[in-house]
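Each chain, letter by letter, is given below.
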Amino acid sequence: MKILCVSLGCDKNLVDTEMMLGLLNRDGYTFTDDEQEADIIVINTCCFINDAKEESVNTILEMAELKKAGTCKALIVTGCMAQRYQQEILEEIPEVDGILGTSTYDEISNVLKRVLGGEERVSCFHDLNCLPQTEAGRMITTGGHFAFLKIAEGCDKHCTYCIIPYIRGNYRSVPMEELVAQAKELVAAGAKELILVAQETTLYGVDLYGEKSLHKLLDALNEIPGLFWIRIMYCYPEEIYEELIDAIARNEKVCHYLDLPIQHANDTMLKRMGRRTSNADLVRIITHLRERIPDITLRTTLICGFPGETKEMHEELMQFINDMEFDRLGAFTYSPEEGTPAAEFPDQIDEETKKEWQADVMELQEEIIFDKNEEMKGRELYVFIEGKVSDENAYIGRTYRDAPDVDGYIFINTDEELMTGDIVRARVTGAYEYDLIGELL
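Quick summary incoming for the structure in this document.

### Quick word on the environment of E135
Assignment of secondary structure puts E135 in the loop between β6 (122-124) and β7 (146-150). Since its relative accessible area comes to 84%, E135 is described here as exposed. Once the C-alpha coordinates of E135 and A74 are considered, the two residues, 61 residues apart in sequence, prove to be 25 Å apart.

Next up, the structure:
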């Protein structure tokens, strides 16, 4: 039986998909990338914002056509949309044979056995606040040279725009010994970079150990032979603490890179969003990080057009971006999600204004990052090779300043033959708006 597994949404969802692939591989299934060859199709869905919801629905409907045609014998839906819209999916898409929630992906083989055994409309949902248990090795889909390490599940923050606590449950950390064991397996399989992800990484360990313990996890991961880089994503700025900064500074394998999703910089907007920082807090935290680790790369994400935002608030955000000069920045238009408080707020912003403000932010950021890239000329850096430019003697790589898929690249011209996953030293010789040009040392 050949399985096609479609993973939608974020890198945290991708980890769940890889866990499912490991379980299915253990149980003797084979895999295909061709939907026409697939006997079984598993779709791991996302519904974080409206665009993600639409993509998930369209993918399910597209694969349901294969079920109607008879080429697909079983269609399974898992993940966030399955958790949130279980009944709607079962009622409105009869081609779906099985459905699993966010905390039950470890039941994928059992659900498949039941479906293939003739049971109809199999539904598998457990307590949202348990952690799935699996001892099968993950099947890495990122090429093997880097891998995501999901260190926690769920979130307790309850920001007013966010649906995650309702579909992923409360914050619960994965025990440190399990993470270290998983990390060693990933490195043994060829991973040279581990990217730590969670809805919020900064609170790691509070629920298990009674204190923030991300710094201890970094110390343990830094000792793994063969691992080159450790990258930390999704750090809520208000939870940054001194021991964590110390661990980033002292552990040579930890990239001097932090992802701080701040969402806005106006105090009224931050309060309406349910955030736990103020403009002054953000300035203090960012300034402190740069004082402690001068070469740190700071990434952030922002929401444009949140309910009640005024032109003046938008201008304040623009000034903040100009002053803080983030190294990496992504901006998104606000998406009202049913079931969240913000969706019911008055003073919703029209889509045209949202997109206009988003364009303002990204235009300003493009100027900032181009100037920063110009300043990189002459710097010598390690580069993680990601691939070759077709028909050219040039390679695509990432520096410590670039997370995969969300940040920029460095293009290296060379006649030498390099392989994906190689780590080389390069000197920066040129700059684009978001990318660098370099030469091998």
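### Focus on the sheet that holds strand β12 (residues 254-259)
Spatially, six strands are ordered β7-β10-β11-β12-β13-β14 in an open sheet, and the strand pairing comes out parallel. Across the chains shown, the open sheet's two edge strands, defined by having one partner strand only, are β7 and β14 (328-333). When the angles between neighbouring strand axes are averaged without regard to direction, this sheet yields 20°. Bridge count between β7 and strand β10 (residues 193-197): five bridges; the pairing is parallel. Directly across from K150, in β10, lies its bridge partner V197. Each of β7 and β10 is contacted by helix α7 (residues 176-188), which is oriented at about 170° to β7, the strand it contacts most.

### Quick notes on helix α13 (residues 311-324)
For α13, built from 14 residues, the straight-helix expectation of 20 Å at 1.5 Å per residue is met to within 8% by its first-to-last C-alpha distance of 20 Å. Listed as buried for α13 are M313, H314, L317, M318, F320, I321 and M324. Buried residues along α13 cover an arc of 160° about the axis, so they all sit on one side. Structurally, α13 contributes buried residues whose contacts are with α11 (267-272), α12 (279-292), β13 (297-304), β14 and α14 (351-375). Once α13 finishes, E325 follows within two positions and takes phi at roughly 50°, a positive value.

### Remarks on the pattern of salt bridges
The tally for this structure, following the rule as stated, stands at 37 salt bridges. Its salt-bridge partner being E193, residue R231 comes within 2.8 Å of it at the nearest N-O pair. Highlighted residues: R231 in strand β11 (residues 229-232) and E193 in strand β10, separated in sequence by 38 residues. No difference in accessibility class separates R231 from E193, as the two residues are buried. Here D327 ties to R290 by a salt bridge, and the two come within 3.7 Å at their closest N and O atoms. With D327 in the loop between α13 and β14 and R290 in helix α12, the pair connects residues that are 37 residues apart, well separated along the chain. Looking at D327, the relative accessible area reads 5%, which means it is buried. Using a relative accessible area of 25% as the deciding quantity, one classes R290 as partly exposed. One salt-bridge network, in which partners are shared between bridges, spans K157, E200, K212, E238 and E239.

### Overview of the side chain of R401
Residue position: R401 is located in the loop between β16 (394-398) and β17 (410-413). One polar contact links R401 to D327, side chain to side chain, over a distance of 3.4 Å.

### Overview of the state of the cysteines
What the rule picks out here adds up to zero disulfides. Unpaired in terms of disulfides, C159 finds its nearest cysteine sulfur in C162, a separation of 6.3 Å. Here C159 falls in the buried class, since its relative accessible area comes to 6%.

Definitions and limits used
Residues numbered from 1 in each chain as written. Predicted model: local features only at pLDDT ≥ 70, side-chain atom pairs only at ≥ 80, totals over all residues. Heavy atoms only, no water. Helix = DSSP H or I, 4+ residues; strand = E, 2+ residues; numbered from the N terminus. Buried < 20%, exposed > 50% of the residue type's maximum accessible area, 1.4 Å probe, protein only. Pairing = 2+ DSSP bridges. Axes fitted to C-alpha atoms, helices over the stretch in contact; angles between N-to-C directions. Contact = heavy atoms within 4.5 Å. Expected span 1.5 Å × (residues − 1). Arc of directions from axis to C-beta. Salt bridge = Lys/Arg side-chain N within 4 Å of Asp/Glu carboxyl O. Polar contact = N/O pair within 3.5 Å; in protein donor to acceptor, adjacent residues only side chain to side chain. Disulfide = S-S within 2.5 Å.

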